[in-house]
Amino acid sequence: MNDKPKPDSEAAAPPAEAVDFVRAIVAEDLKNNKFVGRVHTRFPPEPNGHLHIGHAKAIYLNYLIAVENDGLFNLRFDDTNPTKEETQFADAIQKDIRWLGVDWADRLFWASDYFETLYEYAVKLIKDGKAYVDDLSAEEIREYRGTLTEPGKNSPYRERSVEENLDLFARMRKGEFPDGSKVLRAKIDMASGNLNMRDPVMYRIMHAKHHRTGDAWCIYPMYDWAHGQSDSIEGITHSNCSLEFEDHRPLYDWFLDQLGIHHPRQTEFARLNLNYTIMSKRKLRRLVEEGYVRGWDDPRLPTLSGLRRRGYSPESIRNFCERVGVAKRNSVVDIALLEHTLREDLNKHSARVMAVLRPLKVIIDNYPEGQVEQLDAVNNPEDPSAGTRKVPFSRELYIERDDFREDPPKKFFRLAPGREVRLRYAYFITCEAVVKDEQTGEITALHCSYDPATKGGDSPDGRKVKATLHWVSAEHALDAEVRLYDKLFIKEDPDDVPEGQDFIANLNPDSLSVLTSGKIEPSVKGAAPGNRYQFERQGYFCVDPDSTENALVFNRTVGLRDTWAKIQKQQKRK
C-alpha cells in the first residue's frame, strides 16, 4: 500500500504552468509539515453514471498533485446508494480513468468497504449524545428544517435517550422497520445559519440489494456521512472538492472532530462548465434513458466515453484542463477553446487521408483506360518521420460534389466547365462536359481532361490554378458511412428556456447527420476503432466501433475551422 503512482502515459507528466491556489496550499502544508510530509489525494466518484469532461479536471488535479509531490492517489467509489449504482458504471469509470493515463496502482477502494466502520462510528455518536433516531417522514424533516431566513424546529424525537436510540438503530440494521419509517440524524443545531448543520440525516432504511454487499445491509449511509470518514480511513491528506461542497465542509469537520479521527484538509475549486453543454449527471442520465442520444458513449455527449468515441485524445483533454486552470469562482468556458486544443493535438498526430463525403464521379477521358498509378502522398506534414504512402490514381475518380459548380458564383475557384484545377498529389484537370440525370436534372458525372506534364501538381510552363481538390480513385475507394456531429444544444445555456419547459426544448435537431455514400482511399482498410485521421480539407475523423471489415464508419471529431483562434485574433486587434 506504500507504492507510488506509476504514470503510464504523457498525461502523467507534471504541468509547466504557474502553481494554482490548490497546489499552493499543498506546498504550504508540506513546508509546515502538516501531515508529516505526506501528500495523499483521491478521486471519489459515485458509480451511478459515466464520467464527463468536468470529472477529468478533478481527476488530473488530484492525480498530478500526488505525482508532483511523490505522493499517493486513490480511486474510491462512494457507493452508498444501491438504487442508483451499478457495476457497469464502476467498470466504465475505471476504463475512462485508465484512458486518461491515470494509475491508482493497487489503491482501488469502495465506501462499502467501510460500512461496518461507519456503523460503529455512528454508534459512537449516539453514545456521545450526538445522534438520534428520528421517526419524522422525509417531508416532515424538510418542513422542520426551516429556510435560509427562518430557523428550523427540533424534532419531537430529538431527545430520545441514548439507550432507546442504540436499540432503535440496531433494529434498523436488523431490518425490523420498513423503508422511510426511521432515519438516524446528527444532533447539531437546528438554528444554524448553514442548513447542512441542521441535524442532517446520516442513515436511511433501504431494503435494496447492493451491487457489492448484496443483502447484507438494509440501512445505508448518506453521502455526507460516508464521504469525509472514508477520506479519513484512507489517510487522505488533501480532500479537493468542487465548490458546491464548500457549505458542506463545516459538517464534514464536525463529524471528524466529534469522532476524533484523522482530519484531511478540504479545499474547494470551481467546477468545469462549458457552453452548449450540460454537465449534470442527472440530466445526462435522462438524455440516455429517454432515448435522446444513443447511450452514454454517444459522441455528442461530454462524457469521457462519448469524447473517446468521437475521437478526442487524452492528451487534448489534459491540455484543455491545464489551460482552463484551477479557479475559486465558477465560470463558463467557451467550447471553442476545447475544440482549439483538440485541433492542436490532432494536427500533430493524425495521419492525413483523402475522403469524399458526397461523391461526384469524374471521368478523365484522355487518361489511358486500365492504367493505375501509385502516387506519393504525405502522411503528416507536421511530422516528417511519418513518411509517405501510395495513393492509387485511375481514369475514374470521385471528387466532392460541393467542389463543382456548373454556374460558378464570383470567388468560387474550384472546378467548373472549362476551368482547370489541381488534384492533390496528381495532375491538373479541366472540366469538359457535364452529365445529368434526364429525369431530375441532377449532375451525375463530369468528363474531364488531364495534363500529363503536371504530374505531382505543378505545371512545367508555370501556369497557376486557384484551387486544389482532394479525390479518390473510384476503382479503389472504400465505402464508408460518415457521421457528422454538431453541438447537442442550440443555445449557449441549455437551461435558458421559457417557463414550463426544460433543457430538452433546446436540443439541436441537426446535431447528427449521417452520410451513407462516403468514399475513402484504400490506405485505411482494416483501420481499428479509435484510429484518428485528418480527412484533407474536411476535418478530423475517428473510426467508430460500429465499423466492420467491409463497412467502415467514421465520426467527425471536429472540423478544420478554428473558431477560438479567430476569437483570439479579434481580441488582439481590439
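Residues numbered from 1 in each chain as written. Predicted model: local features only at pLDDT ≥ 70, side-chain atom pairs only at ≥ 80, totals over all residues. Heavy atoms only, no water.

Trainee: An account of the nonpolar core is needed here, citing residue identities and associated values.
Mentor: Generally speaking, soluble globular proteins have nonpolar side chains that are buried together. Ranked by internal contacts, the top residues of the largest apolar core, which has 46 residues, are Phe43, Ile53, Ile97, Leu100, Val102, Ile317 and Phe320. Taken together, the elements giving at least two residues each to this core come down to α1 (21-31), α2 (53-68), β2 (72-77), α3 (87-99), α10 (304-310), α11 (314-324) and α12 (335-349). It is α2 that provides the largest number of residues to this core, a total of ten residues. Excluding anything up to four places from it in sequence, Phe320 contacts Ile53, Leu272, Leu274, Val333, Leu337, Leu338 and Thr341. Core analysis: the next-biggest nonpolar cluster, separate from the first, contains 33 residues, Phe115, Tyr121, Met172 and Trp217 among them. (Core = buried A, V, L, I, M, F, W, Y, C linked by side-chain atoms within 4.5 Å. Buried < 20%, exposed > 50% of the residue type's maximum accessible area, 1.4 Å probe, protein only. Helix = DSSP H or I, 4+ residues; strand = E, 2+ residues; numbered from the N terminus. Contact = heavy atoms within 4.5 Å.)

Trainee: Lay out the pattern of salt bridges in plain terms, naming residues and giving numbers.
Mentor: Here the structure, examined in full by the defined rule, presents 52 salt bridges. Here Asp199 and Arg158 are joined by a salt bridge, their closest N and O atoms 2.6 Å apart. With a gap of 41 residues between them, Asp199 in the loop between β5 (183-186) and β6 (201-205) and Arg158 in the loop between α5 (138-145) and α6 (162-174) connect regions that are remote in the sequence. One exposure class covers both Asp199 and Arg158, and it is buried. One salt bridge connects Arg483 with Asp546, and the closest N-O pair in it is separated by 3.0 Å. Of this pair, Arg483 sits in strand β21 (residues 478-485) while Asp546 sits in the loop between β24 (539-543) and β25 (552-559); the two residues are 63 residues apart in sequence, bridging distant segments of the chain. Each of Asp297, Arg309, Glu481, Arg483, Asp544 and Asp546 takes part in one network of salt bridges that share partners. (Salt bridge = Lys/Arg side-chain N within 4 Å of Asp/Glu carboxyl O.)

Trainee: Describe unusual backbone geometry, listing the residues and the values that go with them.
Mentor: With phi around 55°, Asn33 is a residue other than glycine that occupies positive phi space. Of note, the phi angle at Tyr425 is positive, near 65°, even though the residue is not glycine. Following the sequence through the fold, Tyr425 ends up in the loop between β16 (420-423) and β17 (428-436).

Trainee: Tell me about the pairing of strand β12 (residues 359-364), residues and numbers included.
Mentor: Within β12, five of the six residues are buried, which leaves it mostly tucked inside the rest of the structure. The pairing of β12 with strand β15 (residues 396-400) spans five bridges and is classified as antiparallel. Paired with Val362 across the strands is Leu397, a residue of β15. Summarising the sheet, β12 and strand β18 (residues 443-451) pair through four bridges and their orientation is parallel. Opposite Lys361, over in β18, you have Ala445 as the bridge partner. (Pairing = 2+ DSSP bridges.)

Trainee: Please set out the pairing of β21 residue by residue, giving values where relevant.
Mentor: Most of β21 sits inside the fold, with six of its eight residues counted as buried. As paired elements, β21 and strand β22 (residues 512-520) share seven bridges and run antiparallel to each other. Residue pairing in the sheet places Ala480 in a bridge with Gly518 of β22. In terms of strand pairing, β21 meets β25 through four bridges, oriented parallel. Looking at β25, one finds that Glu481 is bridged to Val553.

Trainee: Now, about the side chain of Arg285: what can you tell me, with residues and values included?
Mentor: Along the chain, Arg285 falls in helix α9 (residues 281-289). On the basis of relative accessible area, Arg285 is assigned to the buried category, the value being 17%. Among the polar contacts listed, one links the side chain of Arg285 to the backbone oxygen of Lys84, at a separation of 3.4 Å. Apart from the residues within four sequence positions on either side, Arg285 is in contact with Asn48, Lys84, Glu86, Phe89 and Trp296. (Polar contact = N/O pair within 3.5 Å; in protein donor to acceptor, adjacent residues only side chain to side chain.)

Trainee: Please provide a residue-by-residue account of the packing of aromatic side chains, values included.
Mentor: What the rule picks out here adds up to 20 aromatic pairs. Judged by centre distance (5.3 Å) and plane angle (55°), the rings of Phe393 and Tyr427 are tilted. Of the two residues, Phe393 sits in strand β14 (residues 388-393) while Tyr427 sits in the loop between β16 and β17, which places them 34 residues apart along the sequence. The class of Tyr427 is buried, set by a relative accessible area of 4%. Geometry around Tyr144 places Lys153 over its ring, the cationic atom sitting 4.5 Å from the centre. (Phe/Tyr/Trp six-rings, centres within 6.5 Å; stacked < 30°, edge-to-face > 60°. Lys NZ or Arg CZ within 6 Å of the ring centre and 35° of its normal.)

Trainee: Give me the lowdown on the environment of Thr147, citing residues and values where you can.
Mentor: If you trace the backbone, Thr147 turns up in the loop between α5 and α6. For Thr147, a relative accessible area of 36% gives the class partly exposed. When residues no more than four places from it in sequence are discounted, the contact partners of Thr147 are Leu195 and Arg198.

Trainee: Report on the sheet that holds β25, specifying residues and quantitative values.
Mentor: Strand order in the open sheet formed by seven strands is β10-β23-β24-β25-β21-β22-β11, with mixed pairing between adjacent strands. Pairing within the sheet leaves two strands with one partner each, and these edge strands are β10 (351-353) and β11 (355-356). This element, α12, spans β10, β23 (532-535), β24 and β25 of the sheet and lies at about 125° to β25. (Axes fitted to C-alpha atoms, helices over the stretch in contact; angles between N-to-C directions.)

Trainee: An account of the sheet that holds β17 is requested, with residue identities and associated values reported.
Mentor: The strands making up a sheet associate through backbone hydrogen bonding, with each pair oriented either parallel or antiparallel. Read across the sheet, seven strands follow the order β19-β16-β17-β18-β12-β15-β20 without closing on themselves; strand pairing throughout is mixed. Looking at the sheet topology across the chains shown, the edges are occupied by β19 (468-469) and β20 (472-473). Two strands pair when backbone bridges link them, and β16 and β17 are joined in this way by three bridges, in the antiparallel orientation. When the bridges of β17 are listed, Arg422 appears paired with Phe428.

Trainee: Now, about empty space enclosed by the protein: what can you tell me, with residues and values included?
Mentor: For the coordinates displayed, the defined rule picks out one cavity of 30 Å³ or more. Computed from the structure, the largest cavity encloses a volume of approximately 80 Å³. What lines the largest cavity is simply His227, Gly228, Asp231, Ser239, Tyr252, Asp253, Leu256, His263, Pro264 and Gln266. Taken together, the elements giving at least two residues each to the lining of the largest cavity come down to α7 (223-233) and α8 (249-259). Here the residues of the lining of the largest cavity sort into three nonpolar, five polar and two charged. (1 Å grid on protein atoms, 1.4 Å probe; cavity = no way out; pocket = protein on both sides within 12 Å on 5 of 7 lines; lining within 4 Å. Points joined across faces, edges and corners; volume = space filled by probe spheres on them. Nonpolar A, V, L, I, M, F, W, Y, C, P; charged D, E, K, R; others polar.)

Trainee: Talk me through the side chain of Arg395; I want residue IDs and the actual numbers.
Mentor: Residue placement: Arg395 occurs in the loop between β14 and β15. In terms of polar contacts, Arg395 uses its side chain to reach the backbone carbonyl oxygen of Tyr367, at 3.3 Å. Contact partners of Arg395, with chain neighbours within four places excluded, come to Val362, Ile363, Ile364, Asp365, Tyr367, Pro368, Glu369 and Gln371.

Trainee: Any chance you could break down the layout of surface pockets for me, citing the residues and the numbers?
Mentor: Estimates place the volume of the largest pocket at around 1,500 Å³. Along the wall of the largest pocket there are 50 residues; nearest its centre are Glu46, Tyr223, Asp224, Phe245 and His248. Put simply, the parts of the chain that give the lining of the largest pocket at least two residues each are β1 (40-43), α2, α5, β5, β6, α7, β8 (238-242) and α9. Per-class residue counts for the lining of the largest pocket are 18 nonpolar, 14 polar and 18 charged. Computed from the structure, the second largest pocket encloses a volume of approximately 680 Å³. Every residue lining the second largest pocket is counted, 32 residues in all, and those nearest its centre are Arg310, Ile335, Glu339, Asp486 and Lys487. Among the elements that take part in the lining of the second largest pocket, α12 stands out by supplying five residues, more than any other. Along the lines of polarity and charge, the residues of the lining of the second largest pocket split into 17 nonpolar, five polar and ten charged.

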